[in-house]
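In case you want the letters, here they are:
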Amino acid sequence: MSPRQTSAEILVGVDGSPSSVAAVEWAARDAAVHEAPLRLVHVAPVITEFFGPVPPAPPPGEYASWQEQHAHQILEEAHKLAAEAAQPHGAYQITSDVLYDAPILPALVDLTKQAQMVVVGCRGQTAVARALLGSVSSGLVYHAKCPVAVIHDEDSPAAVSPHAPVVVGVDGSPASDLATEIAFDEASRRGVGVVALHAWSDVGALGFGRPGQAPVEWANFEVREEQVLAERLAEWQQRHPDVSVSKIVVSDRPAPRLLQQAETAQLVVVGSRGRGGFSGMLLGSVGRAVVNAARIPVIVARSNE
């Protein structure tokens, strides 16, 4: 696993949608607390059809200049939003770029190779994309080369308490180790605690042993899994002694429990794949469920692999 690039820039995809607005504001605040440069990126597709609330397309002869003007208008508005959101935390470098490419996703994925994090709205401009995770945000959580923050726009940032904790799912996999690192870093910079949840049974209640074996002792399993969680958190507690930690060990499916904890949190961090994952595997079922169903920002812990 490549080391996390904590000094690199934070990228945010901008398309003018409500989710994009929420993503810009969240990314600006996060970049400010990380003292990291923020880069606003709008990818203008090299096509002639448009989606969402945009002005009618001009005649073909004027298309290129219209597209450029429209792209820069989107970025200008995003830059203003970012500056306002970051101002209370101290203004840091904000840059913006327009990329002309089709399809959009490969252009953004390429930019993530040198980024600290990429931030996107949960949904795009189209009606279909707004039904579930948008195509660009979905593609990034599968293919980005850095952590991906997915921002939901259902609730305003003011509805989430700045004192609420950061929740992280811990299952002992390398991806969850990176998620734990990110969770402690984000919590430390925000001055809040971490809620670390370890679900040690994906299928509910365990059965008894084979004939001749003693029945499963639930208490023994619980003690063992509490030790596993403690070991996984030890390094990060030493690095961040300022962060208080609440440890939760359950014999249950992790996704519902993470979503339950997310109801009183400001951020959830999940691994890009679970215990059974392998290099290059798509987003695990837990991460997919949390990204789609959470109503607060979710960071998927991806690395440049």
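Worth saying up front: this structure is predicted, and the values here are computed from it rather than measured.

Draft legend 1. Structural view of the nonpolar core. Grouped together as the largest cluster of nonpolar side chains are 50 residues, with contacts concentrated most on V12, L38, L40, V119 and V269. Here the element with the most residues in this core is helix α1 (residues 18-34); it accounts for eight residues. Excluding residues within four positions of it along the chain, V12 makes contact with A23, V24, A27, L38, R39, L40, V41 and V119. Grouped together as the second largest cluster of nonpolar side chains are 34 residues, V41, V43, V120 and A262 included.

Draft legend 2. Broad picture of unusual backbone geometry. Of note, E35 is a non-glycine position whose phi angle comes to about 55°, a positive value. Given a relative accessible area of 57%, E35 falls into the exposed group.

Draft legend 3. Region of the structure containing the pattern of salt bridges. Applying the stated rule across the entire model yields 10 salt bridges. Here E186 makes a salt bridge to R190, at a shortest N to O gap of 2.2 Å. Separated by four residues within a single helix, E186 and R190 lie in helix α5 (residues 174-190), roughly one turn from each other. With a relative accessible area of 0%, E186 lands in the buried category.

Draft legend 4. Up close: the pairing of strand β2 (residues 38-44). Most of β2 sits inside the fold, with seven of its seven residues counted as buried. Pairing of strand β1 (residues 10-13) with β2, which is carried by four bridges, proceeds in the parallel orientation. Residue pairing in the sheet places V12 in a bridge with L40 of β2. Handedness of the β-α-β unit built from β1, α1 and β2 comes out right-handed. Bridge count between β2 and strand β3 (residues 94-100): seven bridges; the pairing is parallel. Bridging across to β3, V43 finds its partner in L99.

Draft legend 5. Just the environment of H72, in detail. When you line up the elements, H72 lands in helix α2 (residues 63-86). Sequence separation of H72 and H42 is 30 residues, and the distance between their C-alpha atoms is 8.6 Å.

Draft legend 6. Representation of the side chain of S176 in the model. Residue position: S176 is located in helix α5. Under the relative-accessibility criterion, S176 is labelled buried at 2%. Polar side-chain contacts of S176 include one of 3.2 Å to the side chain of D171.

Draft legend 7. Geometry of the pairing of β1. Neither face of β1 is exposed, since I10 and V12 on one face and L11 and G13 on the opposite face are all buried. In terms of strand pairing, β1 meets strand β4 (residues 117-121) through three bridges, oriented parallel. The residue of β4 that forms the bridge with I10 is M117.

Conventions and cut-offs
Residues numbered from 1 in each chain as written. Predicted model: local features only at pLDDT ≥ 70, side-chain atom pairs only at ≥ 80, totals over all residues. Heavy atoms only, no water. Core = buried A, V, L, I, M, F, W, Y, C linked by side-chain atoms within 4.5 Å. Buried < 20%, exposed > 50% of the residue type's maximum accessible area, 1.4 Å probe, protein only. Helix = DSSP H or I, 4+ residues; strand = E, 2+ residues; numbered from the N terminus. Contact = heavy atoms within 4.5 Å. Salt bridge = Lys/Arg side-chain N within 4 Å of Asp/Glu carboxyl O. Pairing = 2+ DSSP bridges. Right-handed = clockwise from strand over helix to strand, strands pointing away. Polar contact = N/O pair within 3.5 Å; in protein donor to acceptor, adjacent residues only side chain to side chain.

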